[in-house]
Amino acid sequence: MTGLAVTSLVVSHFRSHRSARLTPGSGQVALFGPNGAGKTNLLEAVSMLSPGRGLRRAAAEEMARRPEALGWKISAEVSVLGKVHEVETWSEGGAARQVRIDGKAATQLALGQLVRVVWLVPAMDRLWIEGAEGRRRFLDRLVLSFEPGHGEAVLTYEKAMRERNRLLKDQVRDGAWYDALEIQMAESGALVQSNRLAALERITTAQQAARTAFPAADLELAGPDGPEFPVTEAELREALLASRRADMAAGRTLVGPHRADLAAQYADKGIAARQSSTGEQKALLLSLILSNARALAAEGGAPPLLLLDEVAAHLDDTRRAALYDEIAALGVQAWMTGTGRELFAELGPDAHRLEVVDVAGISEVRGG
């Protein structure tokens, strides 16, 4: 029995799906079918049961099925520690999405407090070798599972930073214009950094206590020039003040949480994640996702939903079976996609294997 599960999902006019209804109960969900059939679209629909813009980071209007463009709606029954909740989220005409929980209008923060979701998608395969922005986004998604208010802190910081950047680009030199913004950036930025560090500590603890087939990673929150960077409110305030001249020359803010990076090292081998093999990098990502779930479960709450897009295709038979065993042992519900049913043979008889096909440009789910 999973602590958190989407037991029923209804999708209307979302991406390639005109209408789809899935009733997996609390079991694992394996979506299989050819590329382009609409499997990832269903994972994206589940990701919209959490705060933010979903696993593709798309605007609401981009998710509406074409050519109708009527807007879209996702309805779900979600079981959280044995209690079932009705969750609805929708957008009409490209407007900001709305949320309703148990028949009452709700905020995205309330949604995040109810449903925790983490995901791994193929675009993350290059996480360790590309720019820091993607790693920050990955880390902040993990942080949100622990602290649903983290997203608001990030938005507050970024809004104040954008206003400061406008002053810098306009070559405004009066310090009074910067003071209030920098106070706001220091306050929200310190919260962002504190949340990130706390999440890394929780994940590290969960890794150390785990018996797993996946490698552990030594994790560190670093600045662009190394591990030393401002973290506390006082440090950030001082750094922003000291950096005004350099920032004005650059036309943007050069210090702060928006410059942080997630550094990872393959613990057993002592090598940086970016220098590991492609398979090892994928295994490290999976290890972090699983450790995230362990940490949440250890704190007495419901573990998150896991959304794993095309994950099985990159694992050998042994490690794939190990992944499925660990998912079952953790008591999490995972939604997974793959091109063939055979990729989910090791899942066991209780999993829901649903075929997704494209029929004349409309995605259909068979067996759901």
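All values reported here derive from a predicted model rather than from experimental measurement.

Engineer: Give a description of the environment of Arg 18 that names residues and reports values.
Structural biologist: As for its position among the elements, Arg 18 is in strand S2 (residues 17-22). Relative accessible area serves as the criterion here: at 40%, Arg 18 is assigned to the partly exposed category. With 47 residues separating them in the primary sequence, Arg 18 and Arg 65 have C-alpha atoms 6.9 Å apart. Arg 18 has contacts with Val 11, Ser 12, His 13, Arg 65, Glu 68 and Ile 362, leaving out every residue within four places of it along the chain.

Engineer: Explain the pattern of salt bridges to me, using residue names and the numbers behind them.
Structural biologist: Enumeration over the complete set of coordinates arrives at 24 salt bridges. Arg 65 is the partner of Glu 68 in a salt bridge, and the nearest nitrogen-oxygen pair spans 3.3 Å. With a relative accessible area of 27%, Glu 68 lands in the partly exposed category. The partner of Asp 140 in a salt bridge is Arg 196, and the shortest N-O contact between them spans 2.9 Å. Separated by 56 residues along the polypeptide, Asp 140 in helix H3 (residues 132-146) and Arg 196 in helix H5 (residues 175-208) bring together distant segments of the chain. Looking at Arg 196, the relative accessible area reads 4%, which means it is buried. Where salt bridges share partners, they join Arg 164, Asp 179, Glu 182, Arg 237, Arg 244 and Asp 247 into one cluster.

Engineer: If you had to explain the pairing of strand S15 (residues 362-366) to someone new, which residues and values would you point to?
Structural biologist: Looking along a regular strand, one sees side chains alternate from face to face of the sheet. Taken together, the five bridges between strand S14 (residues 352-359) and S15 define a ladder with antiparallel strand orientation. Bridge assignment links Val 357 to a residue of S15, and that residue is Glu 364. Two successive antiparallel strands, S14 and S15, enclose a turn made up of two residues, where Ala 360 displays a positive phi of approximately 55°.

Engineer: Outline the packing of H3 against H5, supporting the account with residue identities and numerical values.
Structural biologist: One way to put it is that H3 packs onto H5 with a least axis distance of 9 Å and a crossing angle of 80°. It follows from the interaxial angle that H3 and H5 lie roughly perpendicular. On H5, the residues touching Arg 136, Leu 139, Asp 140, Leu 142, Val 143 and Phe 146 of H3 are Asn 195, Arg 196, Ala 199, Leu 200, Arg 202 and Ile 203.

Cut-offs used in this document
Residues numbered from 1 in each chain as written. Predicted model: local features only at pLDDT ≥ 70, side-chain atom pairs only at ≥ 80, totals over all residues. Heavy atoms only, no water. Helix = DSSP H or I, 4+ residues; strand = E, 2+ residues; numbered from the N terminus. Buried < 20%, exposed > 50% of the residue type's maximum accessible area, 1.4 Å probe, protein only. Contact = heavy atoms within 4.5 Å. Salt bridge = Lys/Arg side-chain N within 4 Å of Asp/Glu carboxyl O. Pairing = 2+ DSSP bridges. Axes fitted to C-alpha atoms, helices over the stretch in contact; angles between N-to-C directions. Parallel < 35°, antiparallel > 145°, perpendicular 65-115°, else oblique.

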